[in-house]
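Working through the structure, step by step
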Amino acid sequence: GESVGLHLPTLSVQEGDNSIINCAYSNSASDYFIWYKQESGKGPQFIIDIRSNMDKRQGQRVTVLLNKTVKHLSLQIAATQPGDSAVYFCAEVPYGQNFVFGPGTRLSVLP
Amino acid sequence: DTAVSQTPKYLVTQMGNDKSIKCEQNLGHDTMYWYKQDSKKFLKIMFSYNNKELIINETVPNRFSPKSPDKAHLNLHINSLELGDSAVYFCASTVGRKSGELFFGEGSRLTVL
């Protein structure tokens, strides 16, 4: 299947530290980007989004940065908490097309 | 007050059987989707319905058939189940086609023995 050869990257951080999760997207025509959080046994949940006419957007403890030049998206989580442990997905939406999800990154928060 | 609900949450069945997963959304959204998530957490879109019309159909075997009796429901029927169909299936909905936040259900874990 499509996931053969792919592995789930894992990021381990100490509680209270800041986390940065990175995502490379593929389509330069993408004009909308979203980060989702998926906790164990649950469906993905919206965290924050950003349009291509912006390069930074802040939410509560989260910041998304968009670098269109290198097609890179990042999610920064401030003061990481145990409840932030989850798999994080970026999704790009090419203009006129459907959501395309990245492979996901597992965030583990260490006590 | 679950926004997107799907049943059953768990489904264990034998190869060759036919099964269905149901999905309902109470958000008034126009577009609903089915995604398949494999053991490596890769999310792949399978189908979407917009105003009761199938608008995409990725490279999914024709053993999978979506059924939408109305815009609040999108059910997934699978014929002749195979081992490789084992996965978690997520229903999702959004306000408009190809834009806006996707709201996901809790997932239905299908295990084919």
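The text that follows walks through the structure, step by step, so that each part is easy to find. Note that the structure is predicted; figures quoted are calculated from it, not measured.

Strand pairing in a sheet takes place through backbone hydrogen bonds and is either antiparallel or parallel in direction. Residues and elements named next belong to chain B. With antiparallel pairing, the 4 strands of this open sheet are ordered in space as β1-β3-β8-β7. A single partner strand is all that each edge strand has here, and the edge strands are β1 (4-7) and β7 (64-70). Along the sheet, successive strands turn relative to each other by an average axial angle of 20°, direction set aside. Pairing of β7 with strand β8 (residues 73-78), which is carried by 5 bridges, proceeds in the antiparallel orientation. Residue Lys-67 lies in a different strand from β8, and its bridge partner there is Asn-75.

Now for empty space enclosed by the protein. All names here are of chain B. Applying the stated criterion across every chain yields a total of 2 cavities of 30 Å³ or more. When its volume is computed, the largest cavity comes out at roughly 40 Å³. Going through the elements one at a time, β5 (43-50) and β7 are the ones with two or more residues in the lining of the largest cavity. In the lining of the largest cavity, the residues fall into 2 nonpolar, 4 polar and 4 charged.

Two faces belong to every sheet, and in a regular strand the side chains alternate between them. All names here are of chain A. In terms of burial, strand β8 (residues 86-94) is a largely internal element, 9 of the 9 residues being buried. Burial along β8 is two-sided: the residues Ala-86, Tyr-88, Cys-90, Glu-92 and Pro-94 and Val-87, Phe-89, Ala-91 and Val-93 are all buried. As paired elements, strand β3 (residues 30-38) and β8 share 8 bridges and run antiparallel to each other. The residue bridging Phe-33 from the neighbouring strand is Glu-92, located in β8. With 3 bridges joining them, β8 and strand β10 (residues 105-110) adopt antiparallel strand pairing. Looking at the pairing, Tyr-88 lines up with Thr-105 of β10. Bridge count for β8 against strand β9 (residues 100-101) is 2 bridges, and the pairing is antiparallel. Among the inter-strand pairings, Ala-91 is bridged to a residue of β9, identified as Phe-101. Joining the antiparallel neighbours β8 and β9 is a turn of 5 residues, in which Gly-96 adopts a positive phi near 80°.

Moving on, we come to the packing of aromatic side chains. Per the counting criterion, the structure on display carries 11 aromatic pairs over all chains. Pairing Tyr-36 of chain A with Phe-101 of chain A gives two aromatic rings, centres 5.6 Å apart and planes at 50°, and the pair type is tilted. Note that Tyr-36 of chain A is positioned in strand β3 and Phe-101 of chain A in strand β9, a separation of 65 residues in sequence. Phe-101 of chain A shares its class with Tyr-36 of chain A; the two are buried. Where Phe-90 of chain B meets Phe-104 of chain B, the ring centres are 6.2 Å apart and the plane angle is 90°; that geometry is what we call edge-to-face. Residue Phe-90 of chain B is found in strand β9 (residues 87-94), and its partner Phe-104 of chain B is found in strand β10 (residues 103-104); the two are separated by 14 residues along the sequence. Classification of Phe-104 of chain B as buried rests on a relative accessible area of 10%. In textbook terms, an aromatic cluster arises when at least three aromatic residues are bridged by ring pairs, as seen for Tyr-36, Phe-46, Phe-89 and Phe-101 of chain A together with Tyr-33, Tyr-35, Phe-90 and Phe-104 of chain B. One Lys or Arg, Arg-51 of chain A, reaches over the ring of Tyr-32 of chain A and ends 4.0 Å from the middle of that ring.

Each value, and the rule that gives it
- Residues numbered from 1 in each chain as written.
- Chains lettered and ligands numbered in written order.
- Predicted model: local features only at pLDDT ≥ 70, side-chain atom pairs only at ≥ 80, totals over all residues.
- Heavy atoms only, no water.
- Pairing = 2+ DSSP bridges.
- Helix = DSSP H or I, 4+ residues; strand = E, 2+ residues; numbered from the N terminus.
- Axes fitted to C-alpha atoms, helices over the stretch in contact; angles between N-to-C directions.
- 1 Å grid on protein atoms, 1.4 Å probe; cavity = no way out; pocket = protein on both sides within 12 Å on 5 of 7 lines; lining within 4 Å.
- Points joined across faces, edges and corners; volume = space filled by probe spheres on them.
- Nonpolar A, V, L, I, M, F, W, Y, C, P; charged D, E, K, R; others polar.
- Buried < 20%, exposed > 50% of the residue type's maximum accessible area, 1.4 Å probe, protein only.
- Phe/Tyr/Trp six-rings, centres within 6.5 Å; stacked < 30°, edge-to-face > 60°.
- Lys NZ or Arg CZ within 6 Å of the ring centre and 35° of its normal.

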